[in-house]
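# Per-entry structural report
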Amino acid sequence: MSEQTLQPTEGGSGHRDAGDAGYNKALKSRHINMIAIGGAIGTGLFLGAGGRLAQAGPALAIVYAVCGLFAFFVVRALGELILHRPSSGAFVSYAREFMGEKGAYVAGWMHFLNWSTTGIADITAIALYAHFWSFFTPVPQWVLALIALAVVLTLNLVSVRLFGEMEFWFAIVKVAALVLFMVIGIVLLVTQHPVDGLAPGPQLIASHGGIFPAGVLPMVLIVQGVVFAYASVELVGVAAGETENPRKIMPKAINSIMWRILVFYVGSVVLLAMLMPWSSYSADQSPFVTVLSHLGVPAADSVMNLVVLTAAMSSLNSGLYSTGRILRSMSMAGSAPKFTGVMNRNQVPYGGILLTASVCVLGVALNYLVPKDAFEIVLNFAAIGILGTWAIIVLSHLLFVRKAKRGEVTRPSYRLPFSPYTEIVTLLFLVVVVVLMGFDHTGRITLLALPVIAAALVAGWFCVRKRIDMSAFEKAES
């Protein structure tokens, strides 16, 4: 059957996605809230902030704020689509509804590119964190990466409830640690307790080149790397399909993301810049570990290192979860391999999860060949996947709003503010990020790979287009 777009009835309730069938609605309100928190606090902050601080100085806080604002626009647009029609296929399902199967195909595989490469970054981060302890130093980085992948993969295959519980506690650990660190930092500021021989405070920023110690250009150039820090915000949309009452709990969970970005990202960076000179941080160590290790508090750096390791495990866990659901939605229409649509007895789409894990195994090889560069290499490829996924979400929302204006669907009361201008500005921002990647050495390599990625998508489409079959969705709709 030829590709087509299914028309939803007014109110958005007429369209049904066959890829949503068979899931266990086991995620509770507390799981969703913590998945939203966990999506806004990840490896990009815990590991990436050190290198970015060393590169751009305190101006990193501005970059986090700007990128965070656009990340919020994306997830807010997704939130409106969720209230229109909750789906485990999330943006793939919405792209199918408003753009046809070609849109769903591009959305799904860009998301897969994002999370399969992010998974490589996560297992790399886990291995780097583990090497902080002398006990693991003799163990090769690639071995630690392989162990981390095996553990998280096994747990992810058990059940969605176990995934939710893992994310709940991972998020609890991350939030508690950041709050504790910020409390310690504020106490140090108030008491003027020296850190590494220097009194903390705003004067550390002023005496080390101000907010822009290396100029404005480095601040602009790190935007494409900072976008990676917010790569998980869209996962709350995937989780909506396995939630008991998404229309009630999603708006609250999504709205809370903005203030969490301000407090945890912007607040943390400002605090770090006032506790130690920006030049004291490095890409080799979490900035939080750097501060605590200079305080001389017994085992404090080890505790924080355990926390950031937890953040990387959480990100890997989320990536395997989301790609499994997205690939299943695509498989039902024929735009992904058939085996990715298979579920186990616990209603877990293990085919897609295993496919993502197999790509992560390539990351183990990368850790073996270039252990020092593995994180930065995959970071940029993940950024391309993120930008593609976000662009599809915003475009789907723009098409949704246009349909609403024609009276074909009804927008929910929970809406993206200032539409359609918000979507247009967000899309322009995503284009700017791609352009900025050309000014970075690793980013240029990534841009050179863009034609290869585009060619692979086109070739893949020609391979699957004859087996695209929307009849399952038509039956689900009737």
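Residues numbered from 1 in each chain as written. Predicted model: local features only at pLDDT ≥ 70, side-chain atom pairs only at ≥ 80, totals over all residues. Heavy atoms only, no water.

### A look at the overall build of the protein
Spelled out, the test is: In DSSP terms, a helix is any run of H or I states spanning at least four residues, a strand is any run of E spanning at least two, and both are numbered starting from the N terminus. Only C-alpha atoms enter the radius of gyration, while the globule expectation follows 2.2 Å times N to the 0.38, with N the number of residues. Exposure classes here rest on a 1.4 Å probe applied to the protein chains alone. A residue is buried below 20% of its type maximum, exposed above 50%, and partly exposed in between. Residues are treated as being in contact if the distance between any of their heavy atoms lies within 4.5 Å. Reported accessibility uses the Shrake-Rupley method at a 1.4 Å probe radius. Residues are deemed covered only where the shown protein chains occlude them.
Of the regular secondary structure elements, the protein holds 20 helices and zero strands. For a compact globule of 478 residues, the expected C-alpha radius of gyration is about 23 Å, and the protein comes in at 22 Å, within 12% of that figure. Principal-axis analysis of the C-alpha atoms gives the protein an extent of 70 × 50 × 45 Å. Relative to its full complement of 478 residues, the protein shows a buried share of 60%. Expressed as a percentage of contacts within the protein between residues at least 6 apart in sequence, the contacts between residues at least 24 apart total 82%. Approximately 17700 Å² of the protein is accessible, and the part contributed by carbon and sulfur atoms is 69%.

### Examining the pattern of salt bridges
What counts is decided by this rule: Salt bridges, as used here, are contacts in which a Lys or Arg side-chain nitrogen is within 4 Å of a carboxyl oxygen on Asp or Glu.
Taken as a whole, this structure holds eight salt bridges when the rule is applied. Arginine 85 is paired through a salt bridge with glutamate 97; the nearest N and O atoms lie 2.8 Å apart. A residue pair is termed long-range when its members are at least 10 positions apart, and arginine 85 in the loop between α4 (60-84) and α5 (90-99) and glutamate 97 in helix α5 qualify at twelve residues. Across the pair, exposure class does not vary: arginine 85 and glutamate 97 are buried alike. Salt-bridge contacts for glutamate 242 lead to arginine 325; the nearest nitrogen and oxygen are separated by 2.8 Å. Of this pair, glutamate 242 sits in the loop between α12 (235-239) and α13 (246-275) while arginine 325 sits in helix α15 (residues 300-333), and the two are 83 residues apart along the sequence. The two residues glutamate 242 and arginine 325 agree in class, both being buried. Beyond isolated ion pairs, a larger network of salt bridges with shared partners links Arg30, Arg161 and Glu165.

### Looking at the packing of helix α14 (residues 287-295) against α15
Formally: Fitting a line to C-alpha atoms yields each axis, with helices limited to the stretch in contact; the angle taken between N-to-C directions then spans 0 to 180 degrees. Roughly parallel refers to an angle under 35 degrees, roughly antiparallel to one over 145, roughly perpendicular to one between 65 and 115, and oblique to any angle outside these ranges.
Orientation of α14 relative to α15, taken along the N-to-C sense of each, is 170°, at an axis distance of 8 Å. Relative to α15, the element α14 is oriented roughly antiparallel. Of the residues in α15, those touching α14 at Phe288, Val289, Leu292 and Ser293 are Ala300, Asp301, Met304 and Asn305.

### Section: the side chain of serine 396
Locating serine 396 in the fold gives a position in helix α17 (residues 374-405). When residues no more than four places from it in sequence are discounted, the contact partners of serine 396 are Leu81, Tyr94, Ala95, Phe98 and Met99.

### What to know about the environment of glycine 388
Relative to the elements of secondary structure, glycine 388 occurs in helix α17. Through-space distance from the C-alpha of glycine 388 to that of alanine 240 is 21 Å; in sequence the pair is 148 residues apart.

### Here's the deal with unusual backbone geometry
Along the chain, serine 419 connects to proline 420 via a cis peptide bond; the corresponding omega equals 10°. Turning to its location among the elements, proline 420 is positioned in the loop between α17 and α18 (421-436). Phi angles above zero are rare outside glycine, and glutamine 192 is one such case at about 60°. Position of glutamine 192 among the secondary structure elements: in the loop between α8 (160-191) and α9 (202-206). Positioned with a positive phi, phenylalanine 418 is a non-glycine residue whose angle comes to about 60°.

### Here we look at the packing of aromatic side chains
The following threshold applies: Two rings from Phe, Tyr or Trp (for Trp, the six-membered ring) form a pair when their centres are within 6.5 Å of each other. A pair whose planes differ by under 30 degrees is stacked, one over 60 is edge-to-face, and the rest are tilted.
Under the definition given, this model contains 14 aromatic pairs. Here the aromatic rings of phenylalanine 168 and tryptophan 169 are separated by 5.1 Å at their centres, their planes lie at 90°, and the arrangement is edge-to-face. Seen from their ring centres, phenylalanine 181 and phenylalanine 288 are 4.8 Å apart, and the 90° between their planes marks the pair as edge-to-face. Here the residue phenylalanine 181 occupies a position in helix α8, and phenylalanine 288 occupies one in helix α14, the gap between them amounting to 107 residues. For the residue pair phenylalanine 181 and phenylalanine 288, the accessibility class agrees, reading buried in each case.

### A closer look at the side chain of serine 322
As a reminder, the rule being used: N or O atoms closer than or at 3.5 Å make up a polar contact, with two conditions inside protein: a donor-capable atom paired with an acceptor-capable one, and, for residues adjacent in sequence, both atoms drawn from side chains.
Mapped onto the fold, serine 322 is located in helix α15. At 3.1 Å, the side chain of serine 322 and the side chain of histidine 111 are in polar contact. Apart from the residues within four sequence positions on either side, serine 322 is in contact with His111, Trp115, Leu235 and Val238.

### What about helix α3 (residues 48-56)?
Quick reminder: α-helices carry 3.6 residues per turn. Residues three or four places apart thus point the same way. Across the nine residues that make up α3, a large majority, seven, are buried. The set of residues buried in α3 consists of Gly48, Ala49, Gly50, Gly51, Arg52, Leu53 and Ala56. Among the residues trailing α3, glycine 57 stands out with phi positive, at a value near 75°.

### Concerning α4
The criterion, for reference: An expected span of 1.5 Å times one less than the residue number is assigned to each helix.
Taking 1.5 Å per residue, 25 residues should reach 36 Å; α4 reaches 36 Å between its end C-alpha atoms and fits that length. For α4, a buried count of 20 out of 25 residues is recorded, marking the element as mostly surrounded by other parts of the structure.

### Re the confidence of the model for the protein
So the rule is basically this: pLDDT is a residue-level measure of predictor confidence that goes from 0 to 100.
Across the protein, the average pLDDT comes to 84, with 91% of residues at or above 70. Ranking the elements of the protein by mean pLDDT puts helix α20 (residues 471-477) last, at 53, and α18 first, at 93.

### Considering the nonpolar core
The following threshold applies: What we call a nonpolar core is a set of buried Ala, Val, Leu, Ile, Met, Phe, Trp, Tyr and Cys residues that are connected through their side-chain atoms within 4.5 Å.
Judged by nonpolar contacts, the single largest core of 152 residues is most densely connected at Tyr64 and Tyr230. Broken down by element, the residue count for this core peaks at 16 residues, all from α13. Once residues within four sequence positions are removed from consideration, tyrosine 230 is found in contact with Tyr64, Cys67, Gly68, Ala71, Ile261, Tyr265 and Trp390.

### Points about a nonpolar patch on the surface
The condition is simple: Residues with no salt bridge and a relative accessible area higher than 30% make up the patches, which join like charges within 9 Å and nonpolar side chains (Val, Leu, Ile, Met, Phe, Trp, Tyr) within 5 Å.
Together, Ile62, Val66, Ile211, Phe212 and Val216 make up a nonpolar patch on the protein surface, roughly 390 Å² of accessible area in all. Within the secondary structure, valine 216 sits in helix α10 (residues 216-221). You can call valine 216 partly exposed: its relative accessible area is 47%.

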